[in-house]
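Listed here are the chains, written in short residue letters.
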Amino acid sequence: MQTANTTADALLDAPRPSVWHTLSRILLLALPFAVGAAATSTLNLGKVALLARVPDTGALATLSLLQPSFILALAIMEGLAITAQVFSARSRHNWPRRGTQRAVYRLCRNGVLLFAVVAALGYAAAQMLTVQNAELRVILDHFPLFMLSLVPFVVFDIFYGAMRGQGKVLLGLLPFMGLVALDLSTTYVLVSSYGWGFEAVLVGNLVGPVLMLPVIAWLLHREVRSGDDSPEEPFRIRMRQLQIGVGIPVFSSIVVGFVSASVVFPILAKIGEDSASAFFVVLRYRIAFMIPAIAIGSAIAILVNQLAEEGQTAQRLRYLVIGVPFMLSLYAAVTALLPQWGGALDLLVPAQAEALRQATDEMFAALLVTFFLVSGSAMLQVILEQLGRGVQVLLITFLIEAGTCAGVVWAMMQGAEMGLILDILVAAAALSFGLFAVQFLLLLRKLGRADAV
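Reference entry: report on the structure contained in this document.

This next bit is on the packing of aromatic side chains. Using the criterion set out here, one finds nine aromatic pairs in the structure. Where Phe364 meets Phe371, the ring centres are 5.5 Å apart and the plane angle is 85°; that geometry is what we call edge-to-face. Judged by its relative accessible area of 0%, Phe371 falls in the buried class. One aromatic cluster in this structure is built from Phe153, Phe156, Tyr160 and Phe176.

This is how it looks when you write it as structure tokens:
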């Protein structure tokens, strides 16, 4: 009650724009983020759809087993790209603007070195370790080349992050959409015309970003070339601070998921190749469903921070108290309607692949409620991270993922069927959503108290 009363008092003291005005500002700012995330999802889901349509679905099974490797690559990639985005944003008005380009080059160098080291370690492990587990052998054999194939993409993503920081989200989307088109076209031609399997994914990973990198590099140069350059010492201090304060926390939050996925996917593969592939398909579908939630969470956090900087402290609560419940209610309704529209699953897995389609339908039905729970958690997580509760988010993420791993391993040791494993995943998603909701209420209480002073 104290949280509700304090928040209500703060809202009563503020000028009251309409509910629609509040929601429209959130949606307007969220749109460019959502378009960019949708392009990424199109790239990922497009590859799933292509590989599901070839006679031999072994390539899709390999890609599903490499999902933990992709999460590891994503953690490194986002840690570097978000660092570039924040450096670029602060360089628009406060820091020498041309320093953005130097920061991007330095982050690209770090990214290439990190991926090369990780790939080399993976190659050494594949050569030195004697592994009896067939699924783990597949991962070790494909890991080095898979990581190296993503090097051009991480370089592109760092430049794209800098464009977002400059406020040129839509302009940066043009080469990114070109990347998606080239990647999928290359994969499609190699799969359909030449009968390639997983190798088509690796080549597609290379072609798109390599051809579009000069374009986005030129766009960024055009944006920052008129600014002053940064002296070396202040530049190094700022880079070090951002890598410690931004890059490492982002990396840490994502890499926790790498550990969990490294446990879950091989266990599902033991139950059956179709089970692992079906879980991979549903997971990618759920990631696409989460895109608006993440975009909306980012928009709400940005608006709250902007109002705080302008001194309009009471009004920022409106974005949280109105925006978050409305979006959660909307997501609950859309989740309930998902089974009525099977078009997405038809696109991803054709009916001709009978065993895979049946496994996917069963997996989707069992995990339907997680489409709301995980999307809601993602929105709350983005808001909490950007409003000063990143440590709490990381702790919750670690505890949930550790508990999920322990539960799945225990179920496997008991000889459990797929049903129990899926129940554990649903319970973990529900607990995660509940803990993030509690943190959100604590954030409201903190802001309400500050505004009431």
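Following the structure, the description resumes.
For the rest of this paragraph, the subject is the packing of helix 5 (residues 99–128) against helix 9 (residues 198–224). When two helices pack together, their arrangement is given by the angle between the helix axes and by the axis-to-axis distance. One way to put it is that helix 5 packs onto helix 9 with a least axis distance of 9 Å and a crossing angle of 150°. When the axes of helix 5 and helix 9 are compared, the pair comes out roughly antiparallel. Where helix 5 abuts helix 9, its residues Thr100, Gln101 and Val104 lie against Leu220, His221 and Val224. Class assignment of the residues belonging to the contact of helix 5 with helix 9 gives a composition of three nonpolar, three polar and no charged.

Of all hydrophobic cores here, the largest spans 119 residues; its most connected members are Ile300 and Leu320. Counting residues per element, this core draws most heavily on helix 14 (residues 354–386), which supplies 15 residues. Excluding residues that lie within four positions of it along the chain, Ile300 makes contacts with Ile26, Tyr319, Leu320, Gly323, Val324 and Ile383.

Note on placement: Gly388 falls in the loop between helix 14 and helix 15 (390–413). Residue Gly388 is classed as exposed on the basis of its relative accessible area of 60%. Between the alpha carbons of Gly388 and Leu443 there is a distance of 9.0 Å; along the sequence they are 55 residues apart.

What counts, and at which threshold
- Residues numbered from 1 in each chain as written.
- Predicted model: local features only at pLDDT ≥ 70, side-chain atom pairs only at ≥ 80, totals over all residues.
- Heavy atoms only, no water.
- Phe/Tyr/Trp six-rings, centres within 6.5 Å; stacked < 30°, edge-to-face > 60°.
- Buried < 20%, exposed > 50% of the residue type's maximum accessible area, 1.4 Å probe, protein only.
- Axes fitted to C-alpha atoms, helices over the stretch in contact; angles between N-to-C directions.
- Helix = DSSP H or I, 4+ residues; strand = E, 2+ residues; numbered from the N terminus.
- Parallel < 35°, antiparallel > 145°, perpendicular 65-115°, else oblique.
- Contact = heavy atoms within 4.5 Å.
- Nonpolar A, V, L, I, M, F, W, Y, C, P; charged D, E, K, R; others polar.
- Core = buried A, V, L, I, M, F, W, Y, C linked by side-chain atoms within 4.5 Å.

That's the geometry; what it means functionally is another story.
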